[in-house]
Amino acid sequence: MQSDDSTHRSSPPRTVGGYRELLAIAVPLVLSSSTQSLMHVVDRIFMTWHSKEAVAAALPAGILFWSFLSLPLGIVSYTNAFVAQYDGAKQPGRVAAAIWHAIYVALAFGFALIPFALLAGPLFDLVGHEASIRTLETEYFVSLSWGAVFALLPAALCCFFSGRGRAGIVLAVNATSVVVNAVLDPIFIFGWGPFPELGMCGAAIATNVANGFATVCYLALLMRSEARVTYGFWNHWRFDRRLMGELLRFGGPSGLQMFVDVAGFTAFIMIVGWIGKHELAATNIAFNLNNLAFTPVLGLGVAVSTLVGQRIGEGRPDIAEMSVRKAFVLAGGGMLLCGGVYVLAPQLLLAPYALRADGEHFSEIRRVVVVLLRFVALYSFFDAMVIVFGSAVRAAGDTTFSMLATFSCAWGLLVLPTYLTWKIYGPNLFWSWVWCSIYVIVLGFVFQRRFQSGRWKTMSLVHHTCLPLPETPL
């Protein structure tokens, strides 16, 4: 089968391990992640306009949904590392096979998560938020659960492109799906035209439709000759027990890491919700604005994962280290810049939320958010350490350590200290965010030290998996 060499030869020359190579992959992925962040911001703005109860309920329900979704999402997203290493090792058939197995994981978990919608009511009753909030939390969670498959499939399919450095395609699909979501949000939330007013349920439906649209786009792109001829995508769909075992072996800890991280924040959000709806709404908006800086750096983390995977596959880990250090310079600098905006211009960031919100109620929320954004500014730089260095070691296969480190910090420095502080001294939003900041800062240093140890340079996914698949004559 024809290799992908011709594609690389036709590309503009780039200094290996330099900023130009990094930016060529990272810029589209950063923009792609930024569009996803913008989608969440737009969702929350519309919910703020709808009611203060809606914006308060959105974060607990949304993050609980992502807690259930995080394990399979972490597994299918880790396919990016497999694709990168197989592509670096010039094994196109294995690239295609890895994507198919990610699809199988997405379908299996996506349909398995739907019955969890039945648990929404009892779960939120157990949490104990105000009755008006619980009703909306349940409604939003159930609506999102019906679209779990379409939340997972794009994450699996996009790895075929992001893992090979074709980040521009990922950007195009994500940006288009965000536009679809932004158009549908007000239609379904407020009931424009012939559609009834669906409130939070409408916001979830808009998200599900946008994810479904992204899935269709990726499937259409996989019909192109590059996927069909160069990689034989449609010929490598057969189930490979050993490849699936390796995907679960390495991707499983990555998924568990995402689960314990999201579950830790879920518990944190639920505890904060015990104070009241204003504090919960303020925390929701603060995290929402945090995503403006956090999510683009996630895109940079995917670029790091791609470059590290390709260099490990090529047997050149030292060049991967150069790329990672350059990525951290960009990520850390961006986080410091955003931190300055959080501290110096919070009113500007809050203006869209206040545009059509209840003035009296929002003024109290605004006051709390301004304080919380100072915490966001404090830990943002260390978030860059978590994302960049964590992405680097996981891309090489160091996923078990990442899972254990995240579990220890999330529950040992975030959830339990917050809960115990409340039990001993009473509910306190300030100290809750102090523990949140400590968690991120410590985890950042943990991943930095792990990266500096260099152990990840001795790891490889390609050498663990079975031999290349026989190429199918076309």
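Keep in mind it's a predicted model, so treat the numbers as computed, not measured. (Residues numbered from 1 in each chain as written. Predicted model: local features only at pLDDT ≥ 70, side-chain atom pairs only at ≥ 80, totals over all residues. Heavy atoms only, no water.)

1. Section: the overall build of the protein
The condition is simple: Secondary structure elements are taken from DSSP: a helix is a run of H or I of four residues or more, a strand is a run of E of two residues or more, and numbering for both begins at the N terminus. Restricting the calculation to C-alpha atoms gives the radius of gyration, and the globule rule supplies 2.2 Å times the number of residues raised to the power 0.38. Note on exposure labels: buried denotes an accessible area under 20% of the residue type's maximum, exposed denotes more than 50%, and partly exposed covers the range between, all computed with a 1.4 Å probe on protein chains only. By the convention used here, residues are in contact when the closest approach between their heavy atoms is within 4.5 Å. Areas reported as accessible are Shrake-Rupley estimates using a 1.4 Å probe. Residue values count occlusion only from the protein chains shown. Under this rule, positive means Lys or Arg and negative means Asp or Glu; His and the chain ends count for nothing. Positions of charges follow a simple convention, taking NZ of Lys, CZ of Arg, CG of Asp or CD of Glu.
Looking only at helices and strands, the protein features 19 helices and zero strands. Against the 2.2 N^0.38 benchmark of 23 Å for 474 residues, the protein shows a C-alpha radius of gyration of 22 Å, consistent with a compact globule. Across the 474 residues in the protein, those meeting the buried criterion constitute 59%. Expressed as a percentage of contacts within the protein between residues at least 6 apart in sequence, the contacts between residues at least 24 apart total 85%. Put simply, the protein shows about 18600 Å² of open surface, and 68% of that area lies on carbon and sulfur atoms. Distance between charge centres in the protein, computed from 31 positive and 26 negative side chains, equals 8 Å.

2. Describing helix H16 (residues 346–354)
Our working definition: Arc definition: directions from the helix axis to the C-beta atoms.
By the burial criterion, the buried members of H16 are Pro 346, Leu 349, Leu 350 and Tyr 353. Along H16, the residues classed as buried sweep out an arc of 85 degrees about the axis, all on the same side.

3. Structural notes on the packing of aromatic side chains
Rules: Ring geometry is summarised as follows: Phe, Tyr and Trp rings, the Trp one being its six-membered ring, pair when their centres sit within 6.5 Å, and such pairs are stacked at plane angles under 30 degrees, edge-to-face over 60 and tilted between the two. By definition, being over a ring means that NZ of Lys or CZ of Arg is both within 6 Å of the ring centre and within 35 degrees of the ring normal.
Throughout the structure, instances matching the rule amount to 30 aromatic pairs. Taken together, a centroid distance of 6.4 Å and an interplanar angle of 40 degrees make the contact between Phe 82 and Tyr 86 tilted. On the criterion of helical spacing, the pair formed by Phe 82 and Tyr 86 is a turn pair, its members being four residues apart in helix H4 (residues 79–88). Its relative accessible area of 1% is what places Phe 82 among the buried residues. Between Phe 375 and Phe 430 the ring centres are 5.4 Å apart and the planes differ by 65 degrees, which places this aromatic pair in the edge-to-face class. Of the two residues, Phe 375 is situated in helix H17 (residues 359–396) and Phe 430 in helix H19 (residues 429–453); the sequence distance between them amounts to 55 residues. Classification of Phe 375 as buried rests on a relative accessible area of 10%. Arg 394 extends its terminal NZ or CZ atom over the ring of Phe 447, reaching a point 5.9 Å from the ring centre. In this arrangement the basic side chain of Arg 450 is found over the ring face of Phe 401, its NZ or CZ atom lying 4.0 Å from the centre.

4. Looking at the nonpolar core
Rule in force here: Only buried residues count toward a nonpolar core. Its members are Ala, Val, Leu, Ile, Met, Phe, Trp, Tyr and Cys residues joined through side-chain atoms within 4.5 Å.
If you look at the biggest cluster of nonpolar residues, it comprises 148 residues, and the most contacted ones within it are Phe 287, Leu 289, Val 308 and Trp 433. If you tally residues by element for this core, the top one is H17, at 22 residues. The residues touching Phe 287, leaving out its near neighbours within four places in the chain, are Leu 59, Phe 265, Phe 268, Ile 269, Tyr 379, Trp 433 and Cys 436.

5. Details of the side chain of Asp 87
Cut-off, in case you're wondering: By definition here, a salt bridge exists when the distance from a side-chain nitrogen of Lys or Arg to a carboxyl oxygen of Asp or Glu is within 4 Å. Throughout this description, a polar contact denotes any pair of N or O atoms lying within 3.5 Å of each other; where both atoms belong to protein, one of them has to be capable of donating a hydrogen while the other can accept it, and for residues adjacent in sequence the pair is counted only when both atoms sit in side chains.
Structurally, Asp 87 can be placed in helix H4. One buried charged side chain, Asp 87, makes no salt bridge at all; its nearest oppositely charged neighbour is Arg 164, positioned 5.5 Å away. Engagement of the side chain of Asp 87 in a polar contact is seen with the side chain of Tyr 231, the distance being 3.0 Å.

6. A closer look at the packing of H4 against helix H5 (residues 92–112)
This is how it is decided: Throughout, an axis means a line fitted to C-alpha atoms (over the contacting stretch in the case of helices), and angles, computed between N-to-C directions, take values from 0 to 180 degrees. An angle below 35 degrees is treated as roughly parallel, one above 145 as roughly antiparallel, one from 65 to 115 as roughly perpendicular, and anything else as oblique.
Viewed as axis vectors pointing N to C, H4 and H5 meet at an angle of 170 degrees, and their least axial separation amounts to 9 Å. By the angle between their axes, H4 is roughly antiparallel relative to H5. Listed contacts from H5 to Thr 79, Phe 82, Val 83, Tyr 86 and Asp 87 of H4 are Arg 94, Val 95, Ala 98, Ile 99 and Ala 102.

7. Notes on the environment of Trp 274
As for its position among the elements, Trp 274 is in the loop between helix H13 (241–273) and helix H14 (277–314). Separated by 153 residues in sequence, Trp 274 and Pro 427 place their C-alpha atoms 7.9 Å apart.

8. Some words on a nonpolar patch on the surface
Convention followed: Each patch is assembled from residues with relative accessible area greater than 30% and no salt bridge, linking like charges that lie within 9 Å and nonpolar side chains (Val, Leu, Ile, Met, Phe, Trp, Tyr) that lie within 5 Å.
Together, Tyr 19, Leu 23, Val 27, Leu 31, Val 329 and Leu 330 make up a nonpolar patch on the protein surface, roughly 480 Å² of accessible area in all. Counting only elements with at least two residues in the nonpolar patch, the list comes to helix H2 (19–50) and helix H15 (317–344). Among the elements that take part in the nonpolar patch, H2 stands out by supplying four residues, more than any other. Take Tyr 19: it is sitting in helix H2. Take Tyr 19: its relative accessible area is 37%, and that puts it in the partly exposed class.

9. Considering the pattern of salt bridges
Should the charged atoms of two oppositely charged side chains come close, the side chains can pair. Here the structure, examined in full by the defined rule, presents twelve salt bridges. Between Glu 226 and Arg 166 there is a salt bridge, with the nearest N and O atoms lying 2.6 Å from each other. In this pair, Glu 226 sits in helix H12 (residues 225–230) while Arg 166 sits in the loop between helix H9 (159–162) and helix H10 (167–190), placing the two residues 60 residues apart along the sequence. A salt bridge links Arg 450 to Asp 398; its shortest N-O distance comes to 2.7 Å. Here Asp 398 lies in the loop between H17 and helix H18 (399–425) and Arg 450 lies in helix H19, a separation of 52 residues in the sequence. In this pair, the class of Arg 450 matches that of Asp 398, namely buried. Each of Glu 21, Arg 311, Glu 314 and Arg 316 takes part in salt bridges that share partners, so that together they form one network.

10. What about the side chain of Ser 177?
Considering the arrangement of structural elements, one finds Ser 177 in helix H10. Within the structure, the side chain of Ser 177 is placed 2.8 Å from the backbone oxygen of Asn 174, a separation counted as a polar contact. Leave out the neighbours within four places in its chain, and Ser 177 touches Gln 36, Ala 210, Phe 213 and Ala 214.

11. A short note on H5
Note the cut-off: A helix's residues, less one, multiplied by 1.5 Å, set its expected span.
Compared with the 30 Å implied by 1.5 Å per residue over 21 residues, the 31 Å span of H5 between its first and last C-alpha is a close match. The buried fraction of H5 amounts to 15 of the 21 residues, a majority that puts the element mostly inside the structure.

12. Details of the confidence of the model for the protein
Filter applied, for reference: The pLDDT value expresses, per residue, how confident the predictor is, ranging between 0 and 100.
For the protein, the average pLDDT comes to 84, and 92% of its residues sit at 70 or higher. Overall, residues 1–13 carries pLDDT values under 50, and its contacts beyond four positions in sequence, including any with other chains, amount to 19 contacts. Within the model, pLDDT remains below 50 along residues 465–474, and this stretch shows 29 contacts once partners closer than five positions in the same chain are excluded.

13. Observations regarding unusual backbone geometry
Phi at Lys 90 takes a positive value of approximately 60 degrees, unusual for a residue other than glycine. Position of Lys 90 among the secondary structure elements: in the loop between H4 and H5. Accessibility expressed as a relative area gives 42% for Lys 90, which makes it partly exposed.

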